[in-house]
Amino acid sequence: MADYDLAIIGGGLNGVSIARDAAGRGLRVILLEQGDLGAGASSASPRLIHGDLAMLERRAFLRIRAALAERDIWLGIAPHLVRPLRFAIPAHSDERPPWLLRSWLLLYDALGSRPRLPASMTVDVTHHPIGNALKRPFGTAFEYSDCVVDDSRLVITNAVDAAERGADIRTGARCVRADRLDIWRLVAIDRGHRRVITARALANATGAWTATTAETVLRTPPPAVGLVRISQIVVPRLFDIDNVYVFQNVDQQLIFASPYQGDFTLIGTLSRTFKGDPAVVAMTAADVAYLCDAANRYFRQRVEPFDVVRTISGANSVVDPAGRGLARDGTFAFDYRRRKAPLLTMFGGDVTTSRLRAERAVSRLTPFYPMSPRWTSKTPLPGGDFAWTRFDDEVDRARERWRFLGEAEARRMVAAYGTRLEAILGDAKNRADLGPAFGAELTAAEVRYLMTKEWARFADDILWRRSKLGLTMQPQDRDALAAFMAAAS
Ligand SMILES: Cc1cc2nc3c(=O)[nH]c(=O)nc-3n(C[C@H](O)[C@H](O)[C@H](O)COP(=O)(O)OP(=O)(O)OC[C@H]3O[C@@H](n4cnc5c(N)ncnc54)[C@H](O)[C@@H]3O)c2cc1C
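Report follows, based on the coordinates.

## Side note on helix α3 (residues 61-77)
Right, so step 1: The end-to-end C-alpha distance of α3, which contains 17 residues, comes to 24 Å, matching closely the 24 Å that a straight helix rising 1.5 Å per residue would cover.
Right, so step 2: By the burial criterion, the buried members of α3 are I64, A67, L68, E70, R71, D72, I73, W74, L75 and I77.

Shown next, in the form of structure tokens:
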């Protein structure tokens, strides 16, 4: 008998979503991630939970409707990680005409299944805070509702749920070989130790490594995929309001500028074809200049490449349109042959539909195992057991319970952990009860929680994926954190 029902290679959003879905349906699951969870494309996503306005131009109405239904589901199951915001598109005379934008947005509203979020509207920016950061002579903007998500915490939270449902999540475990018999026999280098694992089915969810994994680890013909790099820049805050600006660039690309971690603005996303090693994806100077120029067409405050405090890039596979045997949404393939164990192969895809993609992929295994029904659309992710409309109440409650928390700090922690905050702060009466601090906000209590419950091993795992505190942390605090973690592990 095989050790597991399903082995998953890759701990990005696709891998952990499959792990959560399958573990919750009663399968014995193991997930192997060579580095840290979410360290690939999944922490470089556009961070949008949306129907994707650009799809309106391609008349992909069914796809938008399905994505907007997923947006509703995310609000229900991850109210801490997913935040509804108003998005503003300033009307630029050189771009798509205002009547077209307005009709797009009316259609976008109509495609949403239930009116959970406020409808779109036309705004006179000369008398609206949206206009404060914009250059003159913008007179009109169009506002609509969508959501943003903390992408890397979404990965971790899915993994936590999968683990709590019995999945074995192994980070620092690289799969180096997988032989396909009537079961899969995998060899992994797990934190320096060679380990043999058997499983009845395998999911290749290695993102940009999908083709290489097929060729060198599974030794099967590589799927016909291309690689795309996506990039964004982080700059000091360009505006004070809690809106996302959507710009239409001269080449028709839509560029988003979002509030980011309080003091910053995130500008992106730029997609380019990519060749090279996915482990070292970096943004080019030309792409940084492109995003600065895009912002400078709209914002009063200029952004220059030297203002950029961080670039965020990731690569993922995109399916060759000629690829055969793919699911209808083109984002996974399922392969089963007589006397050969089943193989699922995932290809990139967006964050919004990741839950649905995993649900469909795992459902393809139903002929092979007894499995309980689909469940992930109704069950909150860990910490998400409250209504999204009560996020502010959760923050107030946290501040009442732990009076030493500042407003911004409480918001960060509720947004990251939701109702699981109790597991970190417990009965603490003051900051000293939480142990040594690394910078203004991070305490030993939070670090210990992240190490024991969320697989954090190194300082960067905490500073860039489980939080974004790396943006503001001083080098001496970072060194102290690294030393603390080394001693605690
Ligand atoms: C071009 C592009 C466009 C995108 N467009 C959108 C969009 O419109 N909207 C949106 O929301 N998101 C978008 N995304 C981002 C989206 O976040 C990701 O595609 C999504 O998170 C899925 O990532 P993944 O799990 O497939 O890959 P990844 O997050 O890269 O995960 C793959 C993991 O596999 C691991 N791995 C590789 N080989 C091995 C091995 N041998 N053993 C163990 N582990 C291994 C890697 O370390 C990595 O962590 C886009 C991304 C890209 C690159």
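After presenting the structure, the write-up continues.
## Quick notes on the nonpolar core
Right, so step 1: Residues I8 and L37 are the most contacted members of the largest nonpolar core, which totals 47 residues.
Right, so step 2: Excluding its chain neighbours within four sequence positions, the residues that come into contact with L37 are G11, V16, L31, V155, I156, A159, I169, T171, W455, R465 and R466.
Right, so step 3: Ranked by size, the runner-up nonpolar core spans 42 residues in total, among them A44, V395, A459 and I462.

## Notes on the side chain of D179
Right, so step 1: Within the fold, D179 resides in strand β8 (residues 173-180).
Right, so step 2: Since its relative accessible area comes to 16%, D179 is described here as buried.
Right, so step 3: Among the polar contacts made by the side chain of D179, one reaches the side chain of R177 at a distance of 3.2 Å.
Right, so step 4: Non-local contacts of D179, meaning those with residues more than four positions away in its chain, are made with W184, R185 and R219.

## Let's talk about helix α13 (residues 459-466)
Right, so step 1: Counting buried positions along α13 gives seven out of eight residues, so the element sits mostly inside the fold.
Right, so step 2: Taken residue by residue, α13 has A459, D461, I462, L463, W464, R465 and R466 as its buried positions.
Right, so step 3: Next to the buried residues of α13 lie α5 (151-164), β15 (310-319), β19 (442-443), α12 (444-453) and α14 (475-488).

## Comments concerning the site of the ligand
Right, so step 1: The environment of the ligand is formed by 30 residues, the closest being N14, E33, S42, N316 and V351.
Right, so step 2: In the model, an oxygen atom of the ligand is placed 2.8 Å from a nitrogen or oxygen of the V351 main chain.
Right, so step 3: Broken down by secondary-structure element, the contributors of at least two residues to the shell around the ligand are α1 (13-24), β2 (29-33), β8, β11 (225-236) and β15.
Right, so step 4: Ranked by residues supplied to the shell around the ligand, first place goes to β8 with three residues.

## Observations regarding unusual backbone geometry
Of all residues except glycine, most have a negative phi; of all peptide bonds, most are trans.
Right, so step 1: Backbone torsion omega between G268 and T269 reads 5°, so that peptide bond is classified as cis.
Right, so step 2: Inspection of the secondary structure assignment puts T269 in strand β14 (residues 264-273).
Right, so step 3: The backbone of R219 sits at a positive phi, close to 50°, despite the residue not being glycine.
Right, so step 4: Structurally, the position occupied by R219 is in the loop between α6 (210-217) and β11.
Right, so step 5: With a phi close to 60°, R339 is a non-glycine residue in the positive phi region.

Conventions we followed
- Residues numbered from 1 in each chain as written.
- Predicted model: local features only at pLDDT ≥ 70, side-chain atom pairs only at ≥ 80, totals over all residues.
- Heavy atoms only, no water.
- Helix = DSSP H or I, 4+ residues; strand = E, 2+ residues; numbered from the N terminus.
- Expected span 1.5 Å × (residues − 1).
- Buried < 20%, exposed > 50% of the residue type's maximum accessible area, 1.4 Å probe, protein only.
- Core = buried A, V, L, I, M, F, W, Y, C linked by side-chain atoms within 4.5 Å.
- Contact = heavy atoms within 4.5 Å.
- Polar contact = N/O pair within 3.5 Å; in protein donor to acceptor, adjacent residues only side chain to side chain.
- Near = heavy atom within 4 Å.

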